[in-house]
Amino acid sequence: MNLIQESMKEIQASKELKQNTLQYLEKQQKNPKHLKTRSIPKLAVAFVCLFFILGVGGYAVYQTPISYISIDVNPSIELSINRFGKVVSASAYNQEGQDILKELPLKHISYMKAIDRLLDYESTNYFLTEDSLLFFTIVSDRSEAILEKLNTNTFLELYQTMTYISDAACMKEAHLHHMSVGKYSVYLELSQYDETITVDDCHAMTIGEIHNRIEGCQGHTGTTHQGHHAGSGHHVK
């Protein structure tokens, strides 16, 4: 496969347009001696088409998120991450998160750098104390690789941290309730032990408060530093 074909592999354009452009360019590439002056405009148009396809298609590939990380303390923020590990958007699911995103640029940097930037931010530090619980929830086909990276970061030594793995269905349901997938996942877990709890109740609670309710319902004392959440509402220790 030559360079032109390789470049067009993941481009989002019509199959016919890509094929015709590719065939024309390859034909000119193989027969440079037969290139006539009158064919130069056609070749120029073909290159313009190719660059347009590469530009539009490449931008679409870059902008398409394939992974999501929910970061919840009291600020509740979700990062949308592309195939290159860059943040393409950040969404807040409470007022504290909205205030932070107004001031803190997170787009077009690696998700690990974005997380570090969030945790170092003065407003976030207001909520992060020795007693705080820091929750990370991952939705991705690459969740294990992301989890491995998270587990190497120094914030695990600084804060009481829990890491969860959820899925796209749970995230979609969470967004219908205007809640991050992380906070909604913990609500689902609590609802297994307390049938009286509602989503509206949990909107008014921090994720740490919800988790403490879970611990109380289960008769546990103390805090687990790390855990894994698989699917929609099943907490595995």
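Residues numbered from 1 in each chain as written. Predicted model: local features only at pLDDT ≥ 70, side-chain atom pairs only at ≥ 80, totals over all residues. Heavy atoms only, no water.

A.B. asks: Could you give an account of the environment of leucine 128, with specific residues and numbers?
C.D. replies: Position of leucine 128 relative to the elements: it lies in the loop between α6 (122–127) and β4 (133–140). C-alpha of leucine 128 to C-alpha of valine 73: the two residues are 55 residues apart in sequence and 7.3 Å apart in space. Excluding residues within four positions of it along the chain, leucine 128 makes contact with Val73, Leu119, Leu134 and Tyr159. (Helix = DSSP H or I, 4+ residues; strand = E, 2+ residues; numbered from the N terminus. Contact = heavy atoms within 4.5 Å.)

A.B. asks: Before we move on, can you summarise the sheet that holds β4 with the specific residues and values?
C.D. replies: Pairing in this open sheet of five strands is mixed, and the strands run β3-β2-β1-β4-β5 from one edge to the other. Two strands lie at the open edges of the sheet, namely β3 (87–92) and β5 (160–165), each paired on one side alone. Averaged over all adjacent pairs, the angle separating strand axes in this sheet is 15°, with direction ignored. Relative to strand β2 (residues 76–81), strand β1 (residues 67–72) runs antiparallel, the two sharing six bridges. Opposite serine 67, over in β2, you have isoleucine 81 as the bridge partner. Sheet contacts for helix α4 (residues 95–103): β2 and β3; angle to β3, the most-contacted strand, approximately 140°. Running at roughly 155° to β4, helix α7 (residues 143–151) makes contact with β1, β4 and β5 of the sheet. (Pairing = 2+ DSSP bridges. Axes fitted to C-alpha atoms, helices over the stretch in contact; angles between N-to-C directions.)

A.B. asks: Residue-level account of the layout of surface pockets, with values.
C.D. replies: Put simply, the largest pocket is a space of about 190 Å³. In terms of lining residues, the largest pocket is bounded by twelve residues, among which Asp131, Ser132, Leu133, Thr206 and Gly208 are the most central. Sort the elements by how many residues they give to the lining of the largest pocket and helix α12 (residues 207–217) lands first, with three residues. When its residues are assigned to classes, the lining of the largest pocket shows four nonpolar, seven polar and one charged. (1 Å grid on protein atoms, 1.4 Å probe; cavity = no way out; pocket = protein on both sides within 12 Å on 5 of 7 lines; lining within 4 Å. Points joined across faces, edges and corners; volume = space filled by probe spheres on them. Nonpolar A, V, L, I, M, F, W, Y, C, P; charged D, E, K, R; others polar.)

A.B. asks: Go over the pairing of β4, please, and point to the residues and values.
C.D. replies: Counting buried positions along β4 gives eight out of eight residues, so the element sits mostly inside the fold. As defined by bridge partners, β1 adjoins β4 across six bridges and the pair is classed as antiparallel. Directly across from serine 67, in β4, lies its bridge partner serine 140. (Buried < 20%, exposed > 50% of the residue type's maximum accessible area, 1.4 Å probe, protein only.)

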